[in-house]
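Coordinate analysis (summary)
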Amino acid sequence: MISGIDWTCIKPLPIWGKLSEAGQVGRAQNADLTMSFELTLAGFIDLILRGGTFGILLLVIVHLVRRPEFNLLCGTGFLFCVTGLVEIILNSPPVVAMLAPADAITLATEQFHFIAMWWFVLALFDDRFSWRLRHFWPVAVAIPLVAGGSLFPEAWRWWFNIALVLLNATLLAMIIHRALRHRSSDLVNERRSFSLALAFSVPPFTLFVFFTNLMGNGGPLNDLLCAIYAAVYFVLALGFSYWLTTLTEELFQRSGDVSVPTVARGGLSAADRLELDRVVKAVEAGLYLEPGLTIGGLAAALHIPEHRLRRLINSGLGHRNFAAFVNDYRIDEAKRRLSNPEMAREQIIQHAFSLGYASLAPFNRAFRERVGVSPTEFREEALTRMAAE
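1. Brief notes about the overall build of the chain
Helix and strand counts for the chain come out as 17 helices and 0 strands. Within the chain, contacts between residues at least 6 apart in sequence are counted, and of these 70% link residues at least 24 apart. Of the accessible surface of the chain, which amounts to about 20100 Å², a share of 63% is contributed by carbon and sulfur atoms.

2. Quick look at a nonpolar patch on the surface
Among the surface-exposed residues, Phe44, Ile45 and Ile48 lie close enough to one another that they form a single nonpolar patch of about 270 Å² accessible area. By secondary structure assignment, the location of Ile45 is in helix α2 (residues 41–65).

3. Some words on the packing of helix α14 (residues 322–338) against helix α16 (residues 360–371)
Here α14 crosses α16 at 90°, and the two axes come no closer than 10 Å. Judged by the angle between their axes, α14 and α16 are roughly perpendicular. Between α14 and α16, the contacting residues are Ala324, Asn327, Asp328, Ile331, Ala334, Lys335 and Leu338 on the first element and Phe363, Ala366, Phe367, Arg370 and Val371 on the second.

4. Digging into the pattern of salt bridges
Under the criterion given, the structure shown has 13 salt bridges. A salt bridge links Asp328 to Arg128; its shortest N-O distance comes to 3.5 Å. One end of the pair, Asp328, is in helix α14; the other, Arg128, is in the loop between α5 (103–125) and α6 (137–151), and 200 residues separate them in sequence. In this structure, Asp328 and Arg128 share a single accessibility class: buried. With its nearest N and O atoms 2.9 Å apart, the salt bridge here joins Glu333 to Arg337. Residue Glu333 and its partner Arg337 are both found in helix α14; the two are separated by 4 residues, about one turn of the helix. A cluster of three or more residues bridged by salt bridges with shared partners is formed by Asp127, Asp186, Arg191 and Arg320.

5. A closer look at the environment of Phe136
With respect to the helices, strands and loops of the structure, Phe136 is situated in the loop between α5 and α6. When the C-alpha atoms of Phe136 and Ile115 are compared, they prove to be 9.0 Å apart, with 21 residues separating the residues in sequence. Discounting chain neighbours no more than four positions away, the residues touching Phe136 are Trp119 and Trp131.

6. Re the packing of α5 against helix α7 (residues 154–181)
Packed helix pairs are specified by the crossing angle of their axes together with the interaxial distance, meaning the distance between the axes. Two numbers describe how α5 lies on α7: the axes approach to 9 Å, and their chain directions differ by 15°. When the axis of α5 is compared with that of α7, the two are roughly parallel. Judged by the sense of rotation from one axis to the other, the crossing of α5 with α7 is left-handed. Across the interface between the two elements, Asp103, Leu107, Gln111, Phe114, Ile115, Met117, Trp118, Val121, Leu122 and Phe125 from α5 touch Arg157, Asn161, Leu164, Leu167, Asn168, Leu171, Leu172, Met174, Ile175, Arg178 and Ala179 from α7. Class assignment for the residues of the contact of α5 with α7 results in 15 nonpolar, 3 polar and 3 charged.

Rules used in this analysis
Residues numbered from 1 in each chain as written. Predicted model: local features only at pLDDT ≥ 70, side-chain atom pairs only at ≥ 80, totals over all residues. Heavy atoms only, no water. Helix = DSSP H or I, 4+ residues; strand = E, 2+ residues; numbered from the N terminus. Contact = heavy atoms within 4.5 Å. Areas by Shrake-Rupley, 256 points an atom, 1.4 Å probe, with all protein chains shown as cover. Patch = residues over 30% accessible without salt bridge, like charges linked within 9 Å, V, L, I, M, F, W, Y side chains within 5 Å. Salt bridge = Lys/Arg side-chain N within 4 Å of Asp/Glu carboxyl O. Axes fitted to C-alpha atoms, helices over the stretch in contact; angles between N-to-C directions. Parallel < 35°, antiparallel > 145°, perpendicular 65-115°, else oblique. Buried < 20%, exposed > 50% of the residue type's maximum accessible area, 1.4 Å probe, protein only. Left-handed = near helix turned anticlockwise from the far one by under 90°. Nonpolar A, V, L, I, M, F, W, Y, C, P; charged D, E, K, R; others polar.

This is the structure:
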């Protein structure tokens, strides 16, 4: 204990005795104070694990900051790790005992750590990710909930804390959905393998940490829960740092807003280049218009093993996602059709169906993401220019 306050997560299992009185250390100040320090076995283990996790996250931060191109993926990863460091410090037993940080600070840090993880997942699995106003809705929702859960009377705090847990459960579901949504069409092997680990380990544990911290607000947590907290956090941080620091440059590359890229054959063998030519010719001949086309379907149609087709499209064409690869062809064709005066009377939904989309909504979304305007707006602008010429 420190100054008579028990460390959270610790039962009295004394290892070290009391230190000498504070007055013997600072007699010049004539201090008449007594300070005792008692470190338990559970506290020692907790301290070691937290220190190890702190060092691992610090290493990841340095790795991200030193990257030549500090893009959005690096930035969101940096926020995720920094908020994790702050959370480790604020929840450490010595800090809780000596400084007793305000509930508002602790809750805000934990909540922002969860939101930062959601941002990191968005940037990781979306090559065209850019900040939009919709990405900040969790912050707008969390601010009043954190304020209520830390500043309102005790009778009301429980409800705000439950609302925070529900908010994070929602973010958890969105994280899992984002990680697994396009896994089958992802052409980056490291990202595909990481998506499963991310979806079924990190988010549930983070939600567990947040829930147990809320339940332990105002008193020490059960020592078993704290042991699980520290140990699993250390293991996950170790695994995350190993994965991140051993990745190839491929993961950190971002796809730009470009049309179908030029074939890049530098690292391919002669057999690969010939096979890639066959893939490109087949797709350009109209296979991209096939409704519901998947990487498995294209592999079956061309009699190429799926794993090799993934590598060819990724390494030879520069694409990182099969759906984006197909959409680039479709959007280029859509722009050609929408600019054609002879097709000016055709409905947009007819173009969507003929281009292989199951409905109008995904076509509008894909078109706006790549062109910046809706198909209707694009056609109006293109036909207006032609009429003025």
